[in-house]
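Here is how the chains run, residue by residue.
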Amino acid sequence: MEVKVGSVQIAVFNVDGDFFALFGRCPHQSAPLSRGRLQGTVICNADTCWETQWAHEGEVLVCPGHGMEYNIRSGKAFGYDLKLRTYEVAVEDGQVMLVM
Amino acid sequence: MADDGQSVIVQRVEPSSNPVQDEDLDQYGDELAGLTIVDVDVHVDDTLMFMLDYMEGHFRKRMETVLQADFKGEPGNSLRNMIAHIAWLGSSYDKPPRAKLATKEDLLARMQKGIIDYSILFPSELLPIGYLPEPEWAAALAAAYNQYMVDAYRNLDGVKIAIVVAPQHPERAAQEIESHAAHPDVVSVCIPDVGVNPPIGDEKYWPIFAAAARHDLPISFHGIEALIHDNYPLRVAHFHTLMQVNSMGFPFTSMLQIMSVVCAGIPVRFPNLKFAILEAGLTWMPFIMYRLDAAYLRYRTELPALEKKPSDYIRDWYIGTHELEALPRRGDLVKLIELYQGQDTTMWASDWPHLERDLIAGFMRYEMEDTLRRKILGENALRFFGLKPRK
Ligand code: FES
């Protein structure tokens, strides 16, 4: 879902009871990230011995605009030198709160 | 042909102008004094006859055969002319296909003006090496060229050499790098990029990049318009004029090879390896950078090794100014460089003494801050080739 704090849109996700909050607009062309789906992606690096592998299942937020992918935990974009701002989420007495 | 005892008289045509003269430098003597000037694309006479003494066995025999051939008024010792200009022979009339080649003395005379601090020597004859169908023969030519250049041009003040490798024989190419890397006058590995098929990012070529990275030798891609083959990257035989081939051959090849290297993830695998593109002009740089970025949005998962978008890698590539396009306004070059973020990567190159060489006035006519002018005239090249300032 998307929440608005002041003028800032924030995308909030509930993944099996774990909450994640990220800046809600894709830096590419401002698509609303709250409408993105979560899936995995392919990685290929020294850790995988340069083999392509499927990884991060359920932790990759895919922008509904044109498919940029973000790590939902860190906000880091896969394949880009770019990171979305992330927000801490606290749950108290059944209330979900963003720590700003 | 009837044998009437007469032989055909073949006369070698000399160019009507002498491109090895370069009074243009004198004109800017005062303005350039005190600045570091590196000319990153200089050519000396490297016709095949110089390589004969560096070839052995059947390759030497073969070279002797090549040197005896005469071809339409051009001595048979020009691989370049044979490959490049047959289809369009004579089309430029008063500018014969063969540029007057610079001797060692011509080069030294130019250096002795005291304006140019470094000249980086690149091959001429072997620029179409990528087209040669026999890897062993191509590798033998490259080895002979490198040894000739290192013997003939060593220990000259301000003269540095780019060795050439035959990409169709990656193992021999890597060996060439191993054997010359320690030479103090060898500053780069030139990969002539035209005709290289498959494109240079292919995994088969990685031994070349690995060897260059191991020795911290930067890679320079150098183009040529020599494209009569119905082959990658352009089916140029279908164009009716050499002008069209020349205009598109260099930048298209450069764009395709940059795309190939970046998309293969080579900058990720060899993060310290530096790359330059020579003789392709500048204006296409923003196009390839941002065009790739646009497609990368949709196809990133095909290239999972990339950690940044393509333009973030390409902006690290160095680029020689030759053949510098004449932009309409004097402030336009700065705008162009800003677009491809090339303030720290653009390097002045003349292509002296080839016919299409750039006079320095072509660059000086553009307005820019002194700091940027200094970077382009020399500082960027010092960093790329790992050279110490001489002034
Ligand atoms: S708006 Fe997110 S990828 Fe284009």
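Everything here concerns the structure above.
Because the structure is a prediction, the values reported are computed rather than measured. Every chain's residues receive numbers from 1 upward, in the order its sequence appears when written. The naming scheme follows written order: chains are lettered A onward, ligands numbered 1 onward. Reporting of local features is limited, given that this is a predicted model, to residues whose pLDDT is at least 70; pairs of side-chain atoms are given and counted only at 80 or more, and all residues count toward the totals for whole chains, interfaces and linings. Each side-chain value is worked out from all heavy atoms of the structure, with water and hydrogens disregarded.

**As for the interface of chain A and chain B**
No. 1: Contacts: residue pairs with any heavy atoms within 4.5 Å of one another. Contacts between chain A and chain B engage 15 residues on the former and 14 residues on the latter.
No. 2: In short, buried area is how much 1.4 Å probe accessible area vanishes from two parts on joining, totalled over both. Around 1,200 Å² of area is buried between chain A and chain B when both sides are counted, 61% of it from carbon and sulfur atoms.
No. 3: Summed over the three residues of chain A that lose the most area to chain B, namely A:Trp50, A:Gly79 and A:Tyr80, the buried surface amounts to 45% of that side.
No. 4: Any Lys or Arg side-chain nitrogen located within 4 Å of an Asp or Glu carboxyl oxygen qualifies as a salt bridge. The interface formed by chain A and chain B includes one salt bridge.
No. 5: Measuring nitrogen to oxygen at the nearest pair gives 2.7 Å for the salt bridge that ties A:Glu69 to B:Arg300.
No. 6: A 3.5 Å cut-off defines polar contacts: any pair of N or O atoms within that distance qualifies, except that in protein one atom must be a possible hydrogen donor and the other a possible acceptor, and neighbouring residues in sequence count only when both atoms are side-chain atoms. Taken together, chain A and chain B are joined by six residue pairs in polar contact (both at pLDDT 80 or more).
No. 7: Here the element with the most residues in the side of chain A that touches chain B is strand E4 (residues 37–43) of chain A; it accounts for three residues. Here a strand is any run of E in DSSP of at least two residues, a helix any run of H or I of at least four, and the numbering for each starts at the N terminus.

**Let's talk about the pairing of strand E1 (residues 38–42) of chain B**
Residues and elements named next belong to chain B.
No. 1: Burial analysis of E1 places five of its five residues in the buried class, the great majority of the element.
No. 2: As paired strands, E1 and strand E4 (residues 118–121) are joined by three bridges and run parallel to one another. Note that in E4 the partner of Val38 across the bridge is Tyr118. Categorising residues by exposure relies on relative accessible area from a 1.4 Å probe, with only protein chains included: less than 20% of the type maximum marks a residue as buried, more than 50% marks it as exposed, and the intermediate range marks it as partly exposed. Pairing between two strands requires that DSSP report at least two bridges joining them.

**So, the packing of helix H6 (residues 135–152) of chain B against helix H7 (residues 170–180) of chain B**
Residue and element names in this part refer to chain B.
No. 1: With axes taken as lines fitted to C-alpha atoms, and helix axes fitted only over the stretch in contact, angles between N-to-C directions fall between 0 and 180 degrees. Two numbers describe how H6 lies on H7: the axes approach to 10 Å, and their chain directions differ by 15°. Accordingly, the angle class assigned to the pair H6 and H7 is roughly parallel. Between H6 and H7 lies a crossing of right-handed hand. In this structure, H6 uses Glu136, Ala139, Ala140, Ala142, Ala143, Asn146, Gln147 and Val150 to contact H7, whose residues at the interface are Arg172, Glu176 and His180. If an angle is under 35 degrees, it is roughly parallel; if it is over 145, roughly antiparallel; if it lies from 65 to 115, roughly perpendicular; otherwise it is oblique. Two helices that cross are described as forming a left-handed crossing if the nearer one is turned anticlockwise from the farther one by less than a right angle, and a right-handed crossing if clockwise.

**Side note on empty space enclosed by the protein**
Residue and element names in this part refer to chain B.
No. 1: Here a cavity denotes grid points, spaced 1 Å and computed from the protein atoms alone, that fit a 1.4 Å probe unable to get out, and a pocket denotes an open set having protein on both sides within 12 Å along at least 5 of 7 lines; residues with an atom within 4 Å of a point are the lining. Grid points are joined across faces, edges and corners, and a volume is the space filled by probe spheres set on the points. The tally for this structure, following the rule as stated, stands at three cavities of 30 Å³ or more.
No. 2: Every residue lining the second largest cavity is counted, 11 residues in all, and those nearest its centre are Asp24, Arg110, Ser350, Trp352 and Asp358.
No. 3: Each residue is assigned to one class: nonpolar for Ala, Val, Leu, Ile, Met, Phe, Trp, Tyr, Cys and Pro, charged for Asp, Glu, Lys and Arg, and polar for all the others, Gly among them. Its residues assigned to classes, the lining of the second largest cavity comprises five nonpolar, one polar and five charged.

**Quick look at the pattern of salt bridges**
Residues and elements named next belong to chain B.
No. 1: Enumeration according to the criterion identifies 18 salt bridges over all chains in this entry.
No. 2: A salt bridge links Asp312 to Arg315; the shortest N-O distance between them is 3.3 Å.
No. 3: For Arg315, a relative accessible area of 30% gives the class partly exposed.
No. 4: Three or more residues joined by partner-sharing salt bridges are found here, namely Asp53, Arg60, Lys61 and Glu64.

**Considering a negative patch on the surface**
Residues and elements named next belong to chain B.
No. 1: Together, Asp30, Glu31, Glu369 and Asp370 make up a region of like negative charge exposed at the surface.
No. 2: Considering the arrangement of structural elements, one finds Asp370 in helix H15 (residues 370–385).
No. 3: Residue classification places Asp370 among the exposed residues on the basis of a relative accessible area of 55%. Patch membership requires more than 30% relative accessible area and the absence of a salt bridge. Residues of like charge join within 9 Å; the nonpolar side chains Val, Leu, Ile, Met, Phe, Trp and Tyr join within 5 Å. Here the Shrake-Rupley method, with its probe set to 1.4 Å, supplies the accessible areas, and only the displayed protein chains count as covering residues. None of His or the chain ends enter the tally, which takes Lys and Arg as positive and Asp and Glu as negative. Where a charge sits is defined by one atom per residue type, namely NZ (Lys), CZ (Arg), CG (Asp) or CD (Glu).

**Brief notes about helix H5 (residues 104–112) of chain B**
Residues three or four positions apart in an α-helix share a direction because the helix packs 3.6 residues into each turn.
Residues and elements named next belong to chain B.
No. 1: Buried within H5 are the following residues: Leu107, Arg110 and Met111. Down the axis of H5, the smallest arc covering the buried residues is 100°, so these residues share one side. Facing away from the buried side of H5 by over 90 degrees, the exposed positions are Glu105 and Gln112.
No. 2: Immediately beyond the C-terminal end of H5, within one or two residues, lies Gly114, with a positive phi of roughly 80°. As used here, the arc is the angular range of directions from the helix axis to the C-beta atoms.

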